[in-house]
Amino acid sequence: MSYITGPDVVKYACTCGLLKPIPQLYFCKHCLQIRCRFCVCHEVDSIFCGKCSENIPSAEARVKKNRCANCFICPSCQQELSTRIASKGPANPDDAKSPIKKTYYLSCYFCRWSSRDVGIPDQPSATGGWPERENVHINRLQEVLDTYKQIMHSEKQQKESDKRKQRGKFVSYTDKTGVTASALRKRIGLPDIPHAMLKKPKPPEPAVAKAEVDELPESIFTEPIKLMEVTTIEQRLMQPECQPLTVDKLFPVHKQLSIKQSLRCRTCEHNVSKPEYNPNSVKFKIQLLAYCYIPEVRFVTVEPLRAGQTVELIIKFTNPTQYQTTITILDLDLDEQAQYVEEQKLIDLTQNLEQALSLQEKQPMSLPSLPYSSGSQPSSLLSLPRLPSVIVKPRKIFTETNCDVAIPESSFILPPRDDAAEYDDSSEVHNFEDDPKLIKWRKSNKAFVKLAVTPRADLKLGDEVVCGFTMQHIYTNVLPPAVENKQPQKYDHKVRVFLTLGKVVGSE
Amino acid sequence: MPLYETLSTEKLIVVLDIGTAFTKFGFTSEFAPRYIIRSEVRCKKTNSLRRICDYNSPEDLYDLLVEFIHTIYFKYALTSPKDRPIVIVESLLCPTLFRETLAKVLFLQYEVSSILVLPSHLVALASLAIDTALVIDVGYKEAVTIPICYGLPIVQAWQALPLGGEYIHYNLKNLLSNCNTGIQNLSETVLEDIKIRCCFVTKSSRAKQLNLAKSEIVPPPDVKYPYAGAETLLVAGKIREKVFEIMYEEDNDHLCLSTMILDAILKVDIDLRQKLAENLVLIGGTVMTLGFKARLKEELQKQLLNERYQILNIKEFRFHSPPCKENYAAWLGGAIYGATDFLSMKAVSKDFYLREKHLPDWINLKDVTNMKLPDYTTRVL
């Protein structure tokens, strides 16, 4: 992003209580609140390979273990590998016309590792057929897993049938007569086979412990080690299955796929950011960035800061929207925010109480084991309907302000953004009645504002001076296409802005 | 969520084993983790890497975990965590603050549908298909031994000592700065790399000689380790051999790795002792060091002669070799457990968490007395 971010001098308070510079904030048009990365719901939008820029459907990505089938990274330095051609002589040296046979190998341009180093034979085709390494224990582990699955399955069925028996109102015929099913079977001469459900699956063959252990090789005491031939921990962990100890066992690793994320507001479930599907495109379908909707504050200059002395601070306001806005600077009311945090907690509590109450009412109807009401039915567990999000609890803003801002009495107007204005040389005439004490200068959609700030008297030399104020601006909502009343709706929106002014300097 | 994903029957379920140094991440019913990554996140303010275990406050830990889980899901798993179950493998001695914060992050920030928490010592036996063993987990921060008998962890017999990768690094740092003048602050990564590539656990017979002023043994060859671009660190042969010796140096309470294991055996019922001694399972990254197992066997045998352990009457120690690398043995157990119906039967659901506001734990009396709660230490077998 070609946005000048610089040091984070000006920070905006997100609704969730975190302070972030404006490029990192989103503005949900539907709930008219600022959101940030922390308080939105992240979702995987599309999966692609970063090297070949190919979109991969999520089902396919899953089969390929989230790795690209064609691109490899270097097992030595983790950079991307390139396929290189090696031409062998013609198949038939006597026949000049016979085609030259081409073979391919993988090579790293950064560390000069190549697939030939580890003895992987050159491949006849450029795209594939690279040998894969298999887990040597796979058969045993699969066997163990299958038996465990069976055991758990039968246990579960047992539980369910127990439940059914308890609830059964009707006594079975054999129970009444005292003849059990197995006795009946014996009487009529059928072999006694236990019920399919009662049959216990055979447990897997347990592993056998050995008294012998791998001894330390004697050679380690005499032979010098070659550092270049021993793998580093990163190289080992790149291949978790085999974790090779020496470099000659390194195998090329498939490249990890990347994702495009879409972000969703948790309160209203609307997207605040949704990228385009094409991996080559850097554009977005929906992009509700805060710096497109909220006036931007930039720090221009400040007089040397001295404890207890009032100095002049100049900041620049820019209106990024297509609509005129009015900005009022208000006192930074942190108590109000704290109150909001408490309110949200209270709402959360009451909701929980209601939820608990409603659950209690439902209890006689549901299954006896309520704690795993969703657990007793795994199908419902896996296909839960889309539940509304839990809203991230806002926190208190922690930043300490140690500088007072004299709140100006008047407010000022910012004209809409006009992209052509930059090329317009004719001197601008504004008809705004500006308060000369407040506005120093203005140009197109920008205004330079003078504020009087006083760092607190108890500040020491070298302390960071932080001041803050609440900026109220008029946000013009164009989202619901105003059919009935042609006027777009206007809202007052408040943002808390924090400025780090610099350090206290010594007195004159 | 794309349409075809909802049509496919099985969902990918993440299995996570968050260690102090490395986090093992993968999916259920797979036999190796997809990634083993460092448990650290980049701090936004200072732009430096911070380890998760270095948190200063509960809020700080919450933020670190939010960031870390985000990387796991959106960089490696490539799925949304929302409305999916997750399997967490953790030590039985995991701090309550950590597990509660992790549950809070997963349920409230990432809205997972349920969490299945599995004790690492127990599930490590899943891949071996045995139900009684003495599990010794030597990780980064500490070495923890918990006996598992017939599928139940005997928690009262637990033993732990701060003998892990961290202590080895500390020792290595001291030894290296003694022998290389002018080099003081070696970073953790350099120390780890030297440890991994150069050091090993020596034999018991040589270890005795190491501490003598006049030793008859020839030290192994020195290694010149390239450091900070132009410099070279001299990793003397003696250091290579000596670094791991602190594991067997008895402290003031006469405790070391080998006594810890024997103490754990002493604390269980007399009938089980022999069986435990014949089923030793070593897990954790540190046990993968060259010569670790051989030396541990020698040391255990040596300690048996000690008067303290005469009553044990153990003849032989037997070691299991798991069908995987030791550093992800616990994770593999989690992946196996998570693939069965155990997940749907025992997981802590979101409803339950929102109502009770905590994760059931073996240490919490409220959970232990209330049998309706998901049984924390149940087993498959």
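Use the structure listed above.
Residues numbered from 1 in each chain as written. Chains lettered and ligands numbered in written order. Predicted model: local features only at pLDDT ≥ 70, side-chain atom pairs only at ≥ 80, totals over all residues. Heavy atoms only, no water.

### Here we look at the overall build of chain A
And step 1. Across its full length, chain A carries seven helices and 22 strands.
And step 2. Counting over 508 residues, chain A shows a buried share of 40%.
And step 3. For chain A, the proportion of contacts with a sequence separation of at least 24, taken over those separated by at least 6, is 66%.
And step 4. Total accessible area on chain A stands at roughly 30100 Å², and carbon and sulfur atoms take up 53% of it. (Helix = DSSP H or I, 4+ residues; strand = E, 2+ residues; numbered from the N terminus. Buried < 20%, exposed > 50% of the residue type's maximum accessible area, 1.4 Å probe, protein only. Contact = heavy atoms within 4.5 Å. Areas by Shrake-Rupley, 256 points an atom, 1.4 Å probe, with all protein chains shown as cover.)

### A word on the pattern of salt bridges
And step 1. Across all of its chains, the model carries 26 salt bridges over all chains by this definition.
And step 2. A salt bridge links Glu234 of chain A to Arg38 of chain B; its shortest N-O distance comes to 2.7 Å. Of this pair, Glu234 of chain A sits in helix 5 (residues 233-238) while Arg38 of chain B is found in strand 3 (residues 35-38), placing the two residues in two different chains.
And step 3. A salt bridge links Glu326 of chain B to Lys293 of chain B, with the shortest nitrogen-to-oxygen separation between them at 3.8 Å. Here Glu326 of chain B, found in the loop between helix 11 (292-304) and helix 12 (329-339), pairs with Lys293 of chain B, found in helix 11; they are 33 residues apart in sequence, far enough to count as distant. (Salt bridge = Lys/Arg side-chain N within 4 Å of Asp/Glu carboxyl O.)

### Brief notes about the nonpolar core
And step 1. If you look at the biggest cluster of nonpolar residues, it comprises 104 residues, and the most contacted ones within it are Tyr12, Ile294, Phe317, Phe412 and Met471 of chain A.
And step 2. With twelve residues, helix 2 (residues 58-77) of chain B is the largest single contributor of residues to this core.
And step 3. By size, the runner-up hydrophobic cluster in this structure holds 58 residues, among which are Leu186, Ala236, Val243 and Ile314 of chain B. (Core = buried A, V, L, I, M, F, W, Y, C linked by side-chain atoms within 4.5 Å.)

### Points about the sheet that holds strand 7 (residues 114-119) of chain B
Residues and elements named next belong to chain B.
And step 1. With respect to topology, six strands assemble into an open sheet ordered 3-2-1-6-7-15, the strand pairing being mixed. One side of each edge strand has no neighbouring strand; the edge strands of this open sheet are strand 3 and strand 15 (348-349).
And step 2. In this sheet, strand 7 lies alongside strand 6 (residues 85-90) in parallel orientation, the contact comprising six bridges. Looking across to strand 7, one finds that Val87 is bridged to Leu116.
And step 3. In the packing of helix 3 (residues 96-109) onto the sheet, the strands contacted are strand 1 (14-18), strand 6, strand 7 and strand 15, and the crossing angle to strand 7 comes to about 155°.
And step 4. Helix 12 contacts strand 1, strand 2 (22-27), strand 6 and strand 7 of the sheet and is inclined by roughly 150° relative to strand 1. (Pairing = 2+ DSSP bridges. Axes fitted to C-alpha atoms, helices over the stretch in contact; angles between N-to-C directions.)

### Details of the packing of helix 2 of chain B against helix 3 of chain B
All names here are of chain B.
And step 1. Orientation of helix 2 relative to helix 3, taken along the N-to-C sense of each, is 50°, at an axis distance of 9 Å. By the criterion of interaxial angle, the relationship of helix 2 to helix 3 is oblique. Every pair of crossing elements has a handedness; the one defined by helix 2 and helix 3 is right-handed. Seen from helix 2, the contacting residues are Pro58, Leu61, Tyr62, Leu65, Val66 and Ile69; seen from helix 3, they are Leu97, Phe98, Thr101, Leu102, Lys104, Val105, Leu106 and Gln109.
And step 2. Looking at the contact of helix 2 with helix 3 residue by residue, the classes come out as eleven nonpolar, two polar and one charged. (Parallel < 35°, antiparallel > 145°, perpendicular 65-115°, else oblique. Left-handed = near helix turned anticlockwise from the far one by under 90°. Nonpolar A, V, L, I, M, F, W, Y, C, P; charged D, E, K, R; others polar.)

### Considerations on the pairing of strand 22 (residues 489-503) of chain A
Residues and elements named next belong to chain A.
And step 1. Here strand 1 (residues 10-13) pairs with strand 22 via three bridges, running antiparallel. Across the sheet, residue Tyr12 finds its bridge partner in strand 22, namely Val497.
And step 2. Relative to strand 22, strand 21 (residues 464-477) is paired through 14 bridges, and the arrangement is antiparallel. The residue bridging Asn477 from the neighbouring strand is Gln489, located in strand 22.

### Brief notes about the packing of aromatic side chains
And step 1. Here the structure, examined in full by the defined rule, presents 15 aromatic pairs over all chains.
And step 2. Here the aromatic rings of Phe221 of chain A and Phe200 of chain B are separated by 5.7 Å at their centres, their planes lie at 70°, and the arrangement is edge-to-face. Placement of the pair is Phe221 of chain A in the loop between helix 4 (181-187) and helix 5 and Phe200 of chain B in the loop between helix 6 (188-198) and helix 7 (204-210), with the two residues belonging to separate chains. Accessibility classification places Phe221 of chain A together with Phe200 of chain B in one group, the buried group.
And step 3. Centroid distance Phe25 of chain B to Phe27 of chain B: 5.5 Å. Interplanar angle 70°. Geometry classified as edge-to-face.
And step 4. Overall, the relative accessible area of 1% leaves Phe27 of chain B in the buried class.
And step 5. Cluster of aromatic residues (ring-pair linked, three or more members): Phe25, Phe27, Tyr35 and Tyr76 of chain B.
And step 6. Geometry around Tyr105 of chain A places Arg116 of chain A over its ring, the cationic atom sitting 4.0 Å from the centre.
And step 7. In this structure, Arg206 of chain B packs its charged tip against the face of Phe221 of chain A, placed 3.8 Å from the ring centre. (Phe/Tyr/Trp six-rings, centres within 6.5 Å; stacked < 30°, edge-to-face > 60°. Lys NZ or Arg CZ within 6 Å of the ring centre and 35° of its normal.)

### Here we look at the interface of chain B and chain A
And step 1. Between chain B and chain A, the contact holds 102 residues from the first and 92 residues from the second.
And step 2. Viewed at the interface, chain A and chain B are joined by four salt bridges.
And step 3. Viewed at the interface, chain A and chain B are joined by 25 residue pairs in polar contact (both at pLDDT 80 or more). (Polar contact = N/O pair within 3.5 Å; in protein donor to acceptor, adjacent residues only side chain to side chain.)

### Some words on the environment of Lys450 of chain A
Residue and element names in this part refer to chain A.
And step 1. Looking at where Lys450 falls in the secondary structure, it is placed in strand 20 (residues 446-455).
And step 2. Residue class for Lys450 comes out partly exposed when judged on its relative accessible area of 23%.
And step 3. Sequence separation between Lys450 and Leu438 is twelve residues, and the spatial gap between their C-alpha atoms is 5.2 Å.
And step 4. Look past the residues within four positions of Lys450 in its chain and what remains in contact with it is Glu312, Leu313, Ile314, Pro436, Lys437, Leu438 and Lys440.

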